[in-house]
Amino acid sequence: MTDDEEQIRALIEQWASAVHNGDLTRVLSNHADDIVMFDVPPPYDGVHGIDAYRETWPPFFEWQAQGASFEIVSLDVVAGADVAYAYALLDCATPRDRAEQPANRLRLTLGLRKEQGQWLVAHEHHSFPDSGSVE
């Protein structure tokens with residue numbers, strides 16, 4: 001693993017810990033001002049900019065306060081000189097959700113860019129697999 005990949009891995013692990021702990025200041029750190037996020041809940045055309053990104057977190061923290069988890073299960077990072085991507089699976093569920101669908105994982109993809117020597121998250125995409133029946 002390269003030094004950049006290790007830095008990015010640490011950045012993502014710190015972000016996930018901040019999400020788990022409901023620490024909004026740390027959740028926002030290392031994110032670009034022009035971040036774009038495609039999330040599980042609406043808006044379906046995504047969230048554009050750090051201010052809109054900030055507004056998405058309080059409702060999630062309220063949901064998480066019901067005993068939900070937000071923990072990285074697996075994480076892979078690929079870094080070039082000034083852009084990188086990472087993909088991960090996370091345990092993001094309430095105890096009831098986990099009991100009903102123990103294998104369900106949140107899928108996370110991140111796009112990062114290096115600005116002035118610092119890695120910033122420029123894109124986040126969160127999704128769950130479609131749990132509907134396939135016919």
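Being a predicted model, the structure only gives us computed values, none of them experimental.

About the cut-offs
- Each residue is numbered by its place in its chain's sequence as written, counting from 1.
- Whole-chain, interface and lining totals are the exception, using all residues; otherwise, since this is a predicted model, local features are given only for residues with pLDDT of at least 70 and side-chain atom pairs are given and counted only at 80 or more.
- To get the side-chain values, all heavy atoms of the structure are used, and hydrogens and water are removed first.
- Starting at the N terminus, helices and strands are each numbered in turn, a helix being any DSSP run of H or I of at least four residues and a strand any DSSP run of E of at least two.
- Radius of gyration here uses only the C-alpha atoms, and the compact-globule reference equals 2.2 Å multiplied by the residue count raised to the power 0.38.
- Throughout, exposure labels follow a simple rule: accessible area from a 1.4 Å probe, protein chains only, divided by the maximum for the residue type, with under 20% read as buried, over 50% as exposed, and the rest as partly exposed.
- Computed with a 1.4 Å probe, the accessible areas rest on the Shrake-Rupley method; for each residue, only the protein chains presented here act as cover.
- The charge count includes Lys and Arg as positive and Asp and Glu as negative, but it does not include His or the ends of the chains.
- Here the site of a charge means NZ on Lys, CZ on Arg, CG on Asp, or CD on Glu.
- For two strands to count as paired, DSSP must find a minimum of two bridges between them.
- Whether two residues are in contact is decided by their heavy atoms: any pair within 4.5 Å suffices.
- Think of each axis as a best-fit line through the C-alpha atoms, taken over the contacting stretch in the case of a helix, with angles from 0 to 180 degrees between the N-to-C directions.
- Residues belong to a common nonpolar core when they are buried Ala, Val, Leu, Ile, Met, Phe, Trp, Tyr or Cys residues joined through side-chain atoms within 4.5 Å.

Novice: Where do I start with the overall build of the chain in this structure?
Specialist: A tally of helices and strands in the chain yields 4 helices and 6 strands. For the chain, the C-alpha radius of gyration of 15 Å lies close to 14 Å, the compact-globule estimate for 135 residues. The C-alpha extent of the chain, read off along each of the three principal axes, is 45 × 30 × 30 Å. Within the chain, buried positions represent 37% of all 135 residues. Of the roughly 7,800 Å² that the chain leaves accessible, carbon and sulfur atoms contribute 51%. Averaging the positions of the 9 positive and the 23 negative side-chain charges in the chain gives two centres separated by 4 Å.

Novice: Would you explain unusual backbone geometry in this entry?
Specialist: Across residues other than glycine, the phi torsion is negative in most instances, and most of the peptide bonds are trans. Note that the residue after proline 42, namely proline 43, is joined by a cis bond; omega there is 15°. Relative to the elements of secondary structure, proline 43 occurs in the loop between strand S1 (31-38) and strand S2 (47-48). Even without being a glycine, asparagine 30 presents a positive backbone phi close to 65°. In this fold, asparagine 30 is placed in the loop between helix H2 (24-28) and S1.

Novice: Would you mind showing me how to read the pairing of strand S5 (residues 106-115) here?
Specialist: Each regular strand carries side chains that alternate between the two faces of the sheet. Pairing between strand S4 (residues 83-91) and S5: 8 bridges, direction antiparallel. What sits directly across from tyrosine 87, in S5, is threonine 109. Alignment of S5 against strand S6 (residues 118-127), held across 9 bridges, turns out to be antiparallel. Following the sheet pairing, glycine 111 is matched in S6 by histidine 123. Once S5 ends, the chain turns through 2 residues before running back antiparallel as S6, passing glutamine 116 with a positive phi of about 50°.

Novice: What is the right way to read the sheet that holds strand S3 (residues 71-79) from this model?
Specialist: Pairing between the strands of a sheet is mediated by backbone hydrogen bonds and can be parallel or antiparallel. Spatially, the 6 strands line up as an open sheet ordered S2-S1-S6-S5-S4-S3, and their pairing is mixed. Edge strands, defined here as strands with exactly one partner in the open sheet, are S2 and S3. As paired elements, S1 and S6 share 4 bridges and run parallel to each other. Among the inter-strand pairings, histidine 31 is bridged to a residue of S6, identified as valine 121. The strands touched by helix H1 (residues 3-21) are S1, S3, S4, S5 and S6; relative to S3, the strand with the most contacts, the crossing angle is about 150°. Lying on the sheet, helix H3 (residues 50-64) is in contact with S1, S2 and S6; it crosses S1 at an angle near 55°.

Novice: When you look at the nonpolar core in this model, what are you seeing that I'm missing?
Specialist: Here is a general trend for soluble globular proteins: nonpolar side chains tend to be buried in one another's company. The biggest cluster of nonpolar side chains holds 31 residues, and the ones touching the most others in it are Trp15, Tyr53 and Phe70. Elements represented by at least two residues in this core include exactly H1, H2, S1, H3, S3, S4, S5 and S6. Element by element, the count of residues in this core is highest for H1, at 7 residues. With residues up to four places along the chain from it excluded, the contact list for tyrosine 53 reads Trp15, Val27, Leu28, His31, Ile35, Met37, Val47 and Glu124.

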